[in-house]
Amino acid sequence: MVKTILFLSLLFSSNILAKEASEKLQKNCMHCHIKQKIPSELIYRRYLKKYSTHSAIKKTLLSYLKNPSRKTSIMPKQFFLKFPEKEALDLNETDLSESIDAYLNYFDIRKKLVLP
Amino acid sequence: MLTNEKRSHFRFLAIYLSSTLLLFFLATFIFYNFQRHHIIDLQNTALTEEAAKISQSLRELSTNFSSTLVYPHNPPFYSAIYNLDKEYIFGSFQAKKVLWEKEYYQQDEKLFYIHDIYPYYLGASYLVLSKEINKKPIHELVKTSLVFLILAIVLFTLLGLFLGKLFIAPMKESIETMNRFIEDTTHEFNTPISTILTNIELIETLYDCEGKKELTRIENASKTLSRLYEDLSYLKLNHNYQRDVQSVDITSLLKSRIENFKTLIEAKELDLTLKIEPNIFLDIDKNDAIRMLDNLFSNAIKYNRKKGQLRVTLNNTKLSIYDTGVGIRKEDIKLIHTRFKRANNSEGGFGIGLDIVGQIVTHYNFSFDIDSTYNQHTKVTITW
């Protein structure tokens, strides 16, 4: 009984945390991305194609988002003809990290793949 | 075929067949392994081809932004994609343990192939493919190898038999020539020896001759020739000889044979000691018993030194003849039964005596023991 309660409370708290992170992602990132029609999934796929693991993507994104520039971006030059160059986010380290995690989790390729 | 020929034929076949078959087993084993590797390589190639197809599909999927992405799965191939940290992403199977250090490997009757992917479409750095080993061609290969081996065994056995006969032919011819020579010679010996012995007996009976000593020498020499003739005839006829096994009074026979050698014993001034128990009977062909006793006595006298000792012991279980002659070297004792083998060439003879004794002893399942010290003594014991 105690175990069940503990498990349910853990599940509940993790859901809350995930919801909070998702809200942060919406507020800090997706809001603008949607507004400016920036293809978030395409960016995710491009990072995935280059770095393979979420941990490597996160490390690179974290570094980029702190100091974004065309030179450090992995997106092609043509991308910046269509979309504006990103400005540095006014977020603390924790919020930035949580937002990246939520971003990676949201577009996680494993959630999309299915067997025929 | 004579025993020697059979033995030589058998030895040749044994050496020829064992070496040939060993070679064939080795060749078949190498052939089997080589072909098996070839079959596995072909199946690995199929894995490689499938990997290329999946890689292409992954590349296409990486630009597909639908809500679901259908992973390429084409049975009997199973595959899974792993990221750069070798963490499982997705797949149609999940390997228990991936051997990352190998490109191709086998595990639990399955073939595995690890294909590197770059760029990392969908984050996939490695594509692991698996397929059950198709055993049908391997079973076919086993069958073919076995058929090949059996055919080779049959063919080479027949060839061995043919070659064996071919190789043994000169030896057979030599033996036959020698046998014919012995047969002719012995036949020619018989009449003059019989004439000499008969006439010596007549001279001894009818005339009181002065040259008795010389006459005894002639008699001894003639008897030696006569025994040689009988031994050679025995060996020649031995294969077709019909034995008449009956209870023979060995005590009486032994005494009569000693009597027959008396002149030779006296000529060599031997000290004869007899320990013969009465009424010893043995189930044996009389001619065999005579040949055996005569040969033992002949050797014991011939190779004895002058004024030496000759001890004959007969009891219920054995016969032993002891002489103080030249003896036999330790290394020669094992070979002394062999025909034409002579431990000492100081005396005349063909070296067939102990071969005859050996044949008789073997035929009646007696045991034959030679105890000898070189230049001192020899004791031959026959136990029944």
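Residues numbered from 1 in each chain as written. Chains lettered and ligands numbered in written order. Predicted model: local features only at pLDDT ≥ 70, side-chain atom pairs only at ≥ 80, totals over all residues.

1. Points about the overall build of chain A
Note the following rule: For helices the rule is a DSSP run of H or I covering at least 4 residues; for strands it is a run of E covering at least 2, with both sets numbered from the N terminus onward. For every residue, the other C-beta atoms within 10 Å of its own C-beta are counted; 20 or more classify it as buried, 12 or fewer as exposed, and values in between as partly exposed. C-beta atoms are placed from the backbone. Each residue gets a C-beta atom placed from its backbone, and two residues are in contact if those atoms lie within 7 Å.
When helices and strands are counted, chain A shows five helices and one strand. Across chain A, helices and strands are ordered from the amino to the carboxyl terminus as α-α-α-α-α-β. Buried residues in chain A amount to 16% of all 116 residues. By sequence separation, contacts in chain A at least 24 residues apart represent 69% of the contacts at least 6 residues apart.

2. Quick notes on the overall build of chain B
Broken down by element type, chain B carries eight helices and 13 strands. Taking all 384 residues of chain B together, the buried fraction comes to 23%. Sequence separation of 24 or more characterises 67% of the internal contacts of chain B that already satisfy a separation of 6 or more.

3. Comments concerning the interface of chain B and chain A
What counts, and what does not: Just so you know the grouping, Ala, Val, Leu, Ile, Met, Phe, Trp, Tyr, Cys and Pro go in nonpolar, Asp, Glu, Lys and Arg go in charged, and all remaining residues, Gly too, go in polar. Each pair of strands is called paired provided DSSP finds at least two bridges between the two strands.
Contact with chain B, which involves 20 residues of that partner, is made by 14 residues of chain A. Of all the secondary-structure elements, those providing two or more residues to the side of chain B that touches chain A are β1 (69-70) and β3 (88-91) of chain B. Residue composition of the side of chain B that touches chain A, grouped by class: eleven nonpolar, eight polar and one charged. Pairing between strand β1 (residues 113-114) of chain A and β1 of chain B: two bridges, direction parallel.

4. Quick word on helix α6 (residues 286-302) of chain B
Note the cut-off: Expected span of a helix: the number of residues minus one, times 1.5 Å.
Taking 1.5 Å as the rise per residue, α6 of chain B with 17 residues should run 24 Å; its terminal C-alpha atoms sit 24 Å apart, in good agreement. Within α6 of chain B the residues assigned to the buried category are Asp 288, Arg 291, Met 292, Leu 293, Asp 294, Asn 295, Leu 296, Phe 297, Ser 298, Asn 299, Ala 300 and Ile 301 of chain B.

5. Section: the nonpolar core
Spelled out, the test is: Nonpolar cores are built from buried Ala, Val, Leu, Ile, Met, Phe, Trp, Tyr and Cys residues. These are joined into a set through C-beta atoms within 7 Å.
The biggest cluster of nonpolar side chains holds 37 residues, and the ones touching the most others in it are Leu 48 of chain A together with Ile 81, Leu 122, Ala 124 and Leu 127 of chain B. If we ignore the near neighbours within four places in the chain, the residues touching Leu 127 of chain B are Ala 51, Ile 54, Ser 55, Ser 79, Ile 81, His 115 and Ile 117 of chain B. Ranked by size, the runner-up nonpolar core spans 28 residues in total, among them Leu 232, Leu 264, Leu 314 and Leu 319 of chain B.

6. Remarks on unusual backbone geometry
Residues and elements named next belong to chain B. For the bond from Pro 75 to Pro 76, the omega torsion is 10°, close enough to zero to count as cis. Counting through the fold element by element, Pro 76 comes out in the loop between β1 and β2 (78-82). Here the bond from Tyr 118 into Pro 119 is cis, since omega is -5°, no more than 30 degrees from zero. Mapping Pro 119 onto the fold places it in the loop between β5 (110-116) and β6 (126-132). We note that Leu 122 has phi near 60°; this positive angle belongs to a residue other than glycine. Along the polypeptide, Leu 122 turns up in the loop between β5 and β6. In this structure, Asn 279 is a non-glycine residue whose phi angle is positive, near 55°. Here Asn 279 lies in the loop between β8 (271-276) and β9 (281-285).

7. With respect to the sheet that holds strand β13 (residues 377-383) of chain B
Residue and element names in this part refer to chain B. As a reminder, the rule being used: All axes here are fitted lines through C-alpha atoms, helices being fitted over the stretch that makes contact, and every angle between N-to-C directions spans 0 to 180 degrees.
Across the sheet, which stays open at both edges, the five strands sit in the order β8-β10-β11-β13-β12 with mixed pairing between neighbours. The open sheet has two free edges, formed respectively by β8 and β12 (367-373), since each of these has just one partner strand. With strand direction ignored, the average angle separating the axes of adjacent strands in the sheet is 10°. Across six bridges, strand β11 (residues 318-323) lies against β13 in antiparallel orientation. Each residue of the ladder has a partner; that of Ser 320, found in β13, is Thr 381. Across the sheet, α6 is in contact with β10 (309-314), β11 and β13; its angle to β11 comes to roughly 20°.

8. Considering the pairing of β11 of chain B
All names here are of chain B. The two faces of β11 differ: Leu 319, Ile 321 and Asp 323 on one face are buried, but Lys 318, Ser 320 and Tyr 322 on the other face are not. Bridge count for β10 against β11 is five bridges, and the pairing is antiparallel. Residue pairing across strands places Leu 314 opposite Leu 319, the latter belonging to β11. Between β10 and β11, which pair antiparallel one after the other, the connecting turn spans three residues.

9. Points about helix α8 (residues 353-363) of chain B
A turn of α-helix holds 3.6 residues, and therefore any two residues three or four places apart point the same way. Along α8 of chain B, the residues classified as buried are Gly 353, Leu 354, Ile 356, Val 357, Gln 359, Ile 360 and Val 361 of chain B. Trailing α8 of chain B by a residue or two, Asn 365 of chain B shows a phi angle of about 60°, which is positive.

10. So, the packing of α6 of chain B against α8 of chain B
Residue and element names in this part refer to chain B. To be explicit about the condition: Each helix crossing is assigned a hand: it is left-handed if the near helix lies turned anticlockwise from the far helix by less than a right angle, otherwise right-handed if that turn is clockwise.
Where α6 contacts α8, the axes come no closer than 9 Å and their chain directions differ by 140°. As α6 packs across α8, the resulting crossing turns out to be left-handed. In contact with Asp 288, Arg 291, Met 292, Asn 295, Leu 296, Ser 298 and Asn 299 of α6, α8 contributes Gly 353, Leu 354, Ile 356, Val 357 and Ile 360. Here the residues of the contact of α6 with α8 sort into six nonpolar, four polar and two charged.

11. Brief notes about the confidence of the model for chain A
Residue and element names in this part refer to chain A. To keep things clear, this is the line we draw: The predictor attaches a confidence to each residue, and that confidence, scored 0 to 100, is pLDDT.
Per-residue confidence for chain A averages 82 on the pLDDT scale, and 82% of its residues sit at or above 70. Per-element confidence in chain A ranges from a low mean pLDDT of 64 for helix α1 (residues 2-35) to a high of 95 for β1. Per-residue pLDDT stays below 50 along residues 6-13; that stretch engages in zero contacts with residues further than four places along the chain or on separate chains.

12. Quick word on the sheet that holds β2 of chain B
Residues and elements named next belong to chain B. Taken together, five strands build an open sheet; the order of strands is β3-β2-β6-β5-β4 and the sheet is antiparallel. Only two strands of the sheet have a single neighbouring strand rather than two, namely β3 and β4 (104-107). The sheet shows a mean angle of 25° between the axes of neighbouring strands, direction not considered. Strand direction decides the pairing type here: β4 and β5, joined by four bridges, are antiparallel. From the neighbouring strand, Tyr 104 faces β5, where its bridge partner is Tyr 113.

13. Remarks on the environment of Met 292 of chain B
All names here are of chain B. Looking at where Met 292 falls in the secondary structure, it is placed in helix α6. For Met 292, a count of 24 C-beta atoms within 10 Å puts it in the buried group. Residue contacts for Met 292: discarding those within four places in its chain leaves Val 357 and Ile 360.

14. Comments concerning the confidence of the model for chain B
Of the residues in chain B, 92% reach a pLDDT of 70 or more, and the chain-wide mean stands at 86. The ipTM for the predicted assembly is 0.82, set against a pTM of 0.57.

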